[in-house]
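A structural walkthrough
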Protein chains: 2
Amino acid sequence: MTNCDHTLCKTSALKEAERVCEQLGARFTDQRRNVFEILWQSHKAMTAADIMNEMTNKQPPITYRALEFLKKSGLIHHVTSLNAYVGCIYAKDPNHIGQLLICTNCRDINEIEPKNAVSELIKAAKNQDFTPSLTHIEMLGICKTCNNATS
Amino acid sequence: MTNCDHTLCKTSALKEAERVCEQLGARFTDQRRNVFEILWQSHKAMTAADIMNEMTNKQPPITYRALEFLKKSGLIHHVTSLNAYVGCIYAKDPNHIGQLLICTNCRDINEIEPKNAVSELIKAAKNQDFTPSLTHIEMLGICKTCNNATS
DNA sequence: GCTTGCCTGTTAAAATTTAACACTTGCTAC
DNA sequence: GTAGCAAGTGTTAAATTTTAACAGGCAAGC
Ligand SMILES: [Zn+2]
Ligand SMILES: [Zn+2]
Ligand SMILES: [Zn+2]
Ligand SMILES: [Zn+2]
């Protein structure tokens, strides 16, 4: 997501977050907004500690509770291979499966949407009589920008 | 992997581990073997603590070092969404991408091999000029056995 | 105004992972 | 065979990450 109009990107994410909370009958409180805005400063993965350091109220439970809420609400993704977090750009679609291209050099994350890969996986799961509930797809590697920089 | 002849399964995994170490010019030491055999008692995900509890030498660094080695050597997978580990059944192929069906009820893991899903992902990555190095594909859900049990 | 449920603030503690460093072991070169 | 080296271990402790527990506050509905 290096080529986004990020001001716009962030604004619309905030709008979407408010809408989702409204719909869930939950509140988009100061703490939750604080975490959300910090994450949306960029598309880079941030650990809980990274986020906590930038928060107004820096106490661990505050941070973890907000992260937990945002994750459950589908507003952010937990990047399991880095144990970090990133804002979700498909929050509109609560059933989408996050497919993350994660740059190990700059930690920038590009969330893509190839339905094909997912449908192949679901097909394979069905073959094994496996009923999926939550899927993580994460590719670690080097992004376009970092690739160009080193060459 | 509920339908495997597990004695056989485990024996051949051990053979393979010895071969891989040989080839890497590394040693399959007592500690590494200890961790490996504990993991291969079943196809269930085990946390570092689970494993440590069953080891002869129960000191954290011993456990973590062995896990690190086995992971780097491609003999086990780190199951990032559970922060746990499981033996790899495709260790012969050092370049394969682990695709794990993880039962959240019994923690049993079925490693599958649909090349289609992977090739779709790689295609998508290429479209973004992203150079992948390590990919995690993990589906959490309910396995066949557990499904039948509850119905 | 009072209840009820959600959310916060605060203090600790538990769980997980890593650093540092001295020591041992197996191998190779002399 | 023995000196030197790299790989692996043992041990102590600390850093990092995550969670428990509980008291208090705030907003919406009766
Ligand atoms: Zn997403
Ligand atoms: Zn990058
Ligand atoms: Zn594997
Ligand atoms: Zn199961």
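Residues numbered from 1 in each chain as written. Chains lettered and ligands numbered in written order. Predicted model: local features only at pLDDT ≥ 70, side-chain atom pairs only at ≥ 80, totals over all residues. Heavy atoms only, no water.

Examining the overall build of chain A
On a plain count of helices and strands, chain A comes out with six helices and five strands. Going from N to C terminus, chain A has its helices and strands arranged as α-α-α-α-β-β-β-β-α-β-α. Against the 2.2 N^0.38 benchmark of 15 Å for 151 residues, chain A shows a C-alpha radius of gyration of 16 Å, consistent with a compact globule. Projected onto the principal axes, the alpha-carbon positions of chain A cover approximately 45 × 45 × 30 Å. Evaluated residue by residue, chain A yields a buried proportion of 46% over its 151 residues. For chain A, the accessible surface area stands at approximately 8000 Å², while carbon and sulfur atoms represent 50% of it. (Helix = DSSP H or I, 4+ residues; strand = E, 2+ residues; numbered from the N terminus. Rg over C-alpha atoms; globule rule 2.2 N^0.38 Å. Buried < 20%, exposed > 50% of the residue type's maximum accessible area, 1.4 Å probe, protein only. Areas by Shrake-Rupley, 256 points an atom, 1.4 Å probe, with all protein chains shown as cover.)

Looking at the protein's contact with DNA strand C
Within the structure, DNA strand C sits among 18 residues, and A:Thr29, A:Gln31, A:Arg65, B:Tyr64 and B:Asn83 are positioned closest to it. At the protein interface, 59% of the atoms of DNA strand C within 4 Å belong to sugar or phosphate. Here A:Gln31 contributes a side-chain N or O atom positioned 2.5 Å from a phosphate oxygen of DNA strand C. Separating a phosphate oxygen of DNA strand C from a side-chain N or O atom of A:Gln59 is a distance of 3.3 Å. (Near = heavy atom within 4 Å. Polar contact = N/O pair within 3.5 Å; in protein donor to acceptor, adjacent residues only side chain to side chain.)

Some points on the relation of the copies chain A and chain B
Rotating chain A by 180 degrees and moving it 0.0 Å along the rotation axis overlays it on chain B with an RMSD of 0.0 Å. Seen this way, the second copy is the image of the first under a two-fold rotation axis. Taken together, the interface assignments show that 100% of the residues at the interface of chain A recur at the interface of chain B, consistent with an identical surface on both copies. (Least-squares fit on C-alpha atoms with pLDDT ≥ 70 in both. Contact = heavy atoms within 4.5 Å.)

With respect to the interface of chain A and chain B
Between chain A and chain B, the contact holds 34 residues from the first and 34 residues from the second. Summed over both sides, the interface of chain A with chain B buries roughly 2900 Å², with 65% coming from carbon and sulfur. Summed over the three residues of chain A that lose the most area to chain B, namely A:Leu121, A:Phe130 and A:Met139, the buried surface amounts to 22% of that side. Our count for the contact surface shared by chain A and chain B stands at two salt bridges. The residue B:Asp129 makes a salt bridge to A:Lys144 at a minimum N-O spacing of 3.7 Å. Linking chain A with chain B are 17 residue pairs in polar contact (both at pLDDT 80 or more), by the criterion used here. Going through the elements one at a time, strand E3 (99–103), strand E4 (109–112), helix H5 (115–127), strand E5 (131–142) and helix H6 (144–150) of chain A are the ones with two or more residues in the side of chain A that touches chain B. In terms of residues, the side of chain A that touches chain B owes the most to one element, E5(A), which gives 12 residues. (Buried area = accessible area lost by both parts, 1.4 Å probe. Salt bridge = Lys/Arg side-chain N within 4 Å of Asp/Glu carboxyl O.)

Description of the protein's contact with DNA strand D
Taken together, 18 residues lie near DNA strand D, and A:Tyr64, A:Asn83, B:Thr29, B:Gln31 and B:Arg65 sit nearest. Sugar and phosphate atoms represent 60% of those atoms of DNA strand D found within 4 Å of the protein. A distance of 3.4 Å separates a phosphate oxygen of DNA strand D from a polar side-chain atom of B:Gln59. For the surface near DNA strand D, the secondary-structure elements that each account for two or more residues are helix H3 (48–54) and helix H4 (60–72) of chain A together with helix H2 (30–39) and helix H4 (60–72) of chain B. In terms of residue class, the surface near DNA strand D is built from eight nonpolar, five polar and five charged. (Nonpolar A, V, L, I, M, F, W, Y, C, P; charged D, E, K, R; others polar.)

Observations regarding the coordination of the zinc ion (ligand 1)
All names here are of chain A. Binding of the zinc ion (ligand 1) to the protein goes through His77 (NE2), Cys88 (SG), His96 (NE2), Glu111 (OE) and Glu111 (OE), at separations of 1.8 to 2.8 Å. Going along the chain, you hit the donors of the zinc ion (ligand 1) in the pattern H-x10-C-x7-H-x14-E. Taken together, the residues span a long stretch of sequence, with His77 in strand E1 (residues 76–79) and Cys88 in the loop between strand E2 (84–87) and E3 at a distance of 11 residues. By the burial criterion, His77 is buried, and Cys88 matches it. (Donors = N, O, S within 2.8 Å, 3.2 Å for Na, K, Ca; no water.)

Topic: the coordination of the zinc ion (ligand 3)
All names here are of chain B. For the zinc ion (ligand 3), every protein donor is listed as His77 (NE2), Cys88 (SG), His96 (NE2) and Glu111 (OE), and the spread of their distances is 1.9 to 2.3 Å. In the primary structure, the donors to the zinc ion (ligand 3) are separated according to the pattern H-x10-C-x7-H-x14-E. You can call Cys88 buried: its relative accessible area is 4%. According to the relative accessible area criterion, His96 is buried, its value standing at 15%.

Observations regarding the pairing of strand E4 (residues 109–112) of chain B
All names here are of chain B. The alternating pattern of E4 places Ile109 and Glu111 and Asn110 and Ile112 on opposite faces, both of which are buried. The sheet contact formed by strand E3 (residues 99–103) and E4 spans four bridges and is antiparallel. What sits directly across from Leu101, in E4, is Asn110. If you look at the hairpin formed by E3 and E4, you'll find five residues sitting between the two strands, and Arg107 has a positive phi there, around 65 degrees. (Pairing = 2+ DSSP bridges.)

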